[in-house]
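The residues making up each chain are set out below.
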Amino acid sequence: MPTEPVIEVAGVTKTFAGVKALDDVDFTLNRGEIHALVGENGAGKSTLIKVLTGIHSPDGGRIARNGRISTIYQEVNLVPLMSVAANLFLGREPRNRLGLIDRTRRDAEAKELLQGYGITADVSSPLGTLAVGEQQMVALARAVEADADVVIMDEPTSSLEPREVETLLDVVRKLHEQGIAIIYVSHRMDELYRICDTVTVLRDGVSVHSGPLKELPRIELVSLMLGRSVNEIQKHGTTAFGEDHHADTLPVLEALDLTSKPRINNIDVSIRPGEVVGLAGLLGSGRTETAKAIIGALPLDHGTVLVAGKPVPHNVKAATRAGISMLAEDRKTEGIIPNLSVRENIVLAALPKLSRFGITSRSKQDRIVDAFIKRLRIKVSSPEQKVAELSGGNQQKVLLARWLCTEPKILLLDEPTRGIDVGAKAEVQALIDELAKEGLAVLLISSELDELLDGADRLIVLRDGEVAGELEGAQLTREHVLNAIAAEVMDDADGNQNSH
Amino acid sequence: MSTVQATATRTKVLQRQGAAVALILMVAVSWLVFPRFGSLDNLRDLALQGSFLAVIALGMTFVIITGGIDLSVGSLYALGGVLAAWGSQYGFLVALTLPLLVCGAIGFVNGLLIARTNMAPFIVTLASLLFARGLLLAITDEGANTYQIAPDSAFVELGRGTVFGFGYPIFIAAALAVLGGLILNRTTFGQNVFATGGAEQSAVLLGVPVAKTKIGVYTMSGTLAGLAGALTAAYLQSGVTVIGVGTELDAIAVVVIGGTLLSGGMGTVLGTVIGVGLIKVIQNVINQIGTLDSNYQSVVSGVFLLIVVVLQRILRR
Ligand SMILES: Nc1ncnc2c1ncn2[C@@H]1O[C@H](COP(=O)(O)OP(=O)(O)OP(=O)(O)O)[C@@H](O)[C@H]1O
Ligand SMILES: [Mg+2]
């Protein structure tokens, strides 16, 4: 096959307020290839994409585009208040004879189209009412249907469930068959090796490697990304979770009979100090809702939450005071305050603890913030940098730091390593482990099964808002979990369902 | 799922219905309590009074949905009237187009400054509020010089002509509202208006021409304010210089009462029309009582508006 570049970038440089996000980068995308773009958080991947699409203009260098580009940006970039169908067709709505938007047809087409992506939600409801993963699928559908020669995907799977990831990868393959070139950014090595032909590695804004992916051993790819030797990396495993935690004390958190119809039904969760309990299940199975119910952010029909045996009133303030903290899944709408500095974002939740009579000690703040920036390796020019200017993964780290510095007794983590690079992911996982050893009770929600299996001491599997099974010890295997998740299908075939 | 946005849908329905319910209640009670309220004469008058405000508020609806605000419309309303009256000596066409062009141009400059320099809409349109008011005073010798419109001219007919006793401005406002609704919901421009106000950063990434959209809505708002002024001048047969003070606040109030989010991204033309109805019925009723000192009228209507807004809040729960 003759290689014919559709995008060619030569010597591109982009500087933000003194930070070199891209430094003399060369990059070539050939027709029909799936090109992985990898690198640590803050390496410059999203910046390169925005330069390619013309959102940012480069300070120097040349860009040649040979075709139409369609992009899914890293954060779900749609309009939450507009309807699903309006988002999908924004800018290319079907029209009637008068030239007006034909809403009936638009909605019908949207419905049909989205079914192909596994979304059955009402297309006339606001996009914001969909789960983050579903929103991501809408963004995918939008980008794919735009009839482009190049489709760019910046971490498209970071908020997807395993099943949705498969749908997405199928879509990518279909595009590939149509001869469409794809730039694929992801921190998940499995996906990269499954679908990508070529890879470009960025490190600190410099492109350090470009070539075929299959021939590059995984460990070498990681070493290129991190800029550390292969030996150094081999010492650590793929996930950084340690041994299981032995906890035979009484539960510090007991959530009983949590019910908020129609989303969750009679859910019981109990966690002992030092224990990491995982919540597994498909999208919409009620995992996020369960966590929200525990922290008091979801109105309940009935149910109680006890901390150390004492009932906690059902509101966020009381739950926080009782020692529960939650890292929310959707950092854009429920966490990060983009216009505040990194320092302010980190200490936000801990302010009441750090202050006396409403006055906070700045030096104390600085000490804590510095410690977390170092420990989580948050890439910032200074603690006073605006959070909005950080790369996606680094924003996630800031949020994690926020909840960790409140020194909670119970930490609810909803997708804590989403969008975090391999290096930092291992660190976050190690940190969760360490915190558990110090006696913290952790509820871990993750769409990555490996993360759950390695990280959790016990797994609660949810299905359709109900507890479908609990797995522990030897049962903590991929098969068991997948069986429990998919039991609907398996129930008749497989009599020995997991029970507790 | 984000609870913030889940409530947004509920809010939309309830707020709009809330205003509609309040309007129906107001009308029903007024009808029963004040015998003159339901008379055809009074209803015609009510609709006519509402039509001028409705034209201004229509533009404001678009502006607020983009997440902006336009404080200049009160001044442009007055300026439009004076320009129309002055222009009427050169015939119908000049009387009608001059205010549209001048006020539209000022709106365009508003939009240009807001879209291209990232200055706050509040500041930019406050400046043009002062600018337009100043211009008005300059061309009327500090307001001493009131331009009259010949009573037999075609232009006066535009303001005073009737069909079944209902004034032309009512039909013009109604037609514009229908057109506005179509533009908002059934054209790309309308979709861009929603996208701009709903999530500006995302809109940029989605390829929405955000700057053009903003320029569009401010131009539209200025033009409509000028048109409302022209219609009022035609109705009053002169370019009255003292009108329009605080009208921008009335317009903002009716838009918000109608369920349009002040933060942008959501709103309807129908809601605005209902909002206009509500505020005009309140004023009408106060007039019916008749014994109220005119200074207290705005006190009462202010209190009443507050009650309506609070009721909407409660309804939302
Ligand atoms: N608008 C901006 N203003 C200032 N600095 C910025 C801006 N956008 C990006 N940066 C900086 O540029 C660098 C590269 O960021 P970029 O978002 O490209 O990283 P990334 O490789 O996509 O990382 P991630 O994997 O976390 O998404 C970071 O140091 C970031 O802080
Ligand atoms: Mg990125």
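Remember, predicted model here, so these are calculated numbers, not experimental data. (Residues numbered from 1 in each chain as written. Chains lettered and ligands numbered in written order. Predicted model: local features only at pLDDT ≥ 70, side-chain atom pairs only at ≥ 80, totals over all residues. Heavy atoms only, no water.)

*Asks:* Explanation requested: helix H8 (residues 188-198) of chain B in the structure shown.
*Replies:* Residues three or four positions apart in an α-helix share a direction because the helix packs 3.6 residues into each turn. Burial within H8(B) is extensive, with 8 of its 11 residues counted as buried. Among all positions in H8(B), only Gly190(B), Gln191(B), Asn192(B), Val193(B), Phe194(B), Ala195(B), Thr196(B) and Gly197(B) are buried. (Buried < 20%, exposed > 50% of the residue type's maximum accessible area, 1.4 Å probe, protein only. Helix = DSSP H or I, 4+ residues; strand = E, 2+ residues; numbered from the N terminus.)

*Asks:* What am I meant to see in the domain arrangement of chain A here?
*Replies:* Accessible area lost upon the coming together of the parts is a frequently used measure of interface size. Residue and element names in this part refer to chain A. Each assigned domain of chain A is listed here: domain 1 (5-236) and domain 2 (253-496). Inter-centroid distance (C-alpha atoms) of domain 1 to domain 2 is 27 Å. Taken together, the 29 residues of domain 1 in the interface contact 25 residues of domain 2. For the pair domain 1 and domain 2, the summed buried surface comes to about 2,100 Å²; carbon and sulfur atoms form 50% of the total. Counting the surface domain 1 buries against domain 2, the share from its top three residues, Asn41, Glu75 and Glu161, is 29%. Along the contact surface separating domain 1 from domain 2 lie 5 residue pairs in polar contact (both at pLDDT 80 or more). (Domains from an automatic or database assignment. Contact = heavy atoms within 4.5 Å. Buried area = accessible area lost by both parts, 1.4 Å probe. Polar contact = N/O pair within 3.5 Å; in protein donor to acceptor, adjacent residues only side chain to side chain.)

*Asks:* Where do I start with the pattern of salt bridges in this structure?
*Replies:* A side chain with one charge may pair with a side chain of the opposite charge, provided their charged atoms come close. All names here are of chain A. Applying the stated criterion across every chain yields a total of 24 salt bridges over all chains. Between glutamate 166 and arginine 194 there is a salt bridge, and its shortest N-O distance comes to 2.9 Å. Placement of glutamate 166 in helix H5 (residues 162-177) and of arginine 194 in helix H6 (residues 189-195) is noted, with a sequence separation of 28 residues between them. Owing to a relative accessible area of 42%, arginine 194 belongs among the partly exposed residues under this scheme. Across the pair lysine 437 and aspartate 433 runs a salt bridge whose closest N-O atoms are separated by 3.6 Å. Here the residue lysine 437 and the residue aspartate 433 both occupy positions in helix H16 (residues 422-437), the gap between them amounting to 4 residues, near one helical turn. When its relative accessible area of 58% is taken as the criterion, lysine 437 is described as exposed. With a relative accessible area of 5%, aspartate 433 lands in the buried category. (Salt bridge = Lys/Arg side-chain N within 4 Å of Asp/Glu carboxyl O.)

*Asks:* What is the right way to read the coordination of the magnesium ion (ligand 2) from this model?
*Replies:* By definition of the ideal shapes, four donors in a tetrahedron about a metal sit 109.5 degrees apart, and six donors in an octahedron sit 90 or 180 degrees apart. At this site the magnesium ion (ligand 2) is bound by Ser46(A) (OG) and Gln74(A) (OE1), with donor distances of 1.9 to 2.1 Å. Within this pair, whereas Ser46(A) is found in helix H1 (residues 45-53), its partner Gln74(A) is found in the loop between strand S5 (69-72) and helix H2 (84-89), the two being separated by 28 residues in sequence. (Donors = N, O, S within 2.8 Å, 3.2 Å for Na, K, Ca; no water.)

*Asks:* Got a minute to help me understand the site of ligand 1 in this structure?
*Replies:* All names here are of chain A. With respect to spatial proximity, 18 residues lie near ligand 1, and among them Lys45, Ser46, Thr47, Ser391 and Gly393 are the closest. Contacts to ligand 1 include glycine 44, whose backbone N or O atom sits 2.9 Å from an oxygen atom. A total of 640 Å² of accessible area belongs to ligand 1 in isolation, and the protein chains cover 89% of it. When residues of the shell around ligand 1 are traced back to their parent elements, those giving at least two are H1 and helix H15 (392-404). (Near = heavy atom within 4 Å. Areas by Shrake-Rupley, 256 points an atom, 1.4 Å probe, with all protein chains shown as cover.)

*Asks:* Just checking my understanding: could you explain the nonpolar core for this structure?
*Replies:* Side chains of nonpolar character tend, in soluble globular proteins, to be buried together. The biggest cluster of nonpolar side chains holds 139 residues, and the ones touching the most others in it are Val138(A), Leu140(A), Tyr184(A), Leu221(A) and Phe155(B). Of all the elements, helix H2 (residues 40-65) of chain B adds the most residues to this core, at 14 residues. Not counting the four nearest positions on each side in its chain, Leu221(A) is found in contact with Val38(A), Met189(A), Tyr193(A), Val199(A), Val201(A), Leu213(A) and Leu216(A). Listed in part, the 47 residues of the second largest apolar core include Val342(A), Ile346(A), Val347(A) and Val387(A). (Core = buried A, V, L, I, M, F, W, Y, C linked by side-chain atoms within 4.5 Å.)

*Asks:* Whenever I open this one, the confidence of the model for chain A confuses me. Can you help?
*Replies:* Interpretation of the predicted coordinates at a detailed level should be avoided for regions scoring low in pLDDT. Confidence along chain A averages 84 in pLDDT terms, with 92% of residues attaining 70 or more. Residue range residues 488-500 of chain A is modelled with pLDDT below 50. Its contacts to residues more than four positions away, or to other chains, number 16 contacts. (pLDDT = per-residue confidence, 0-100.)

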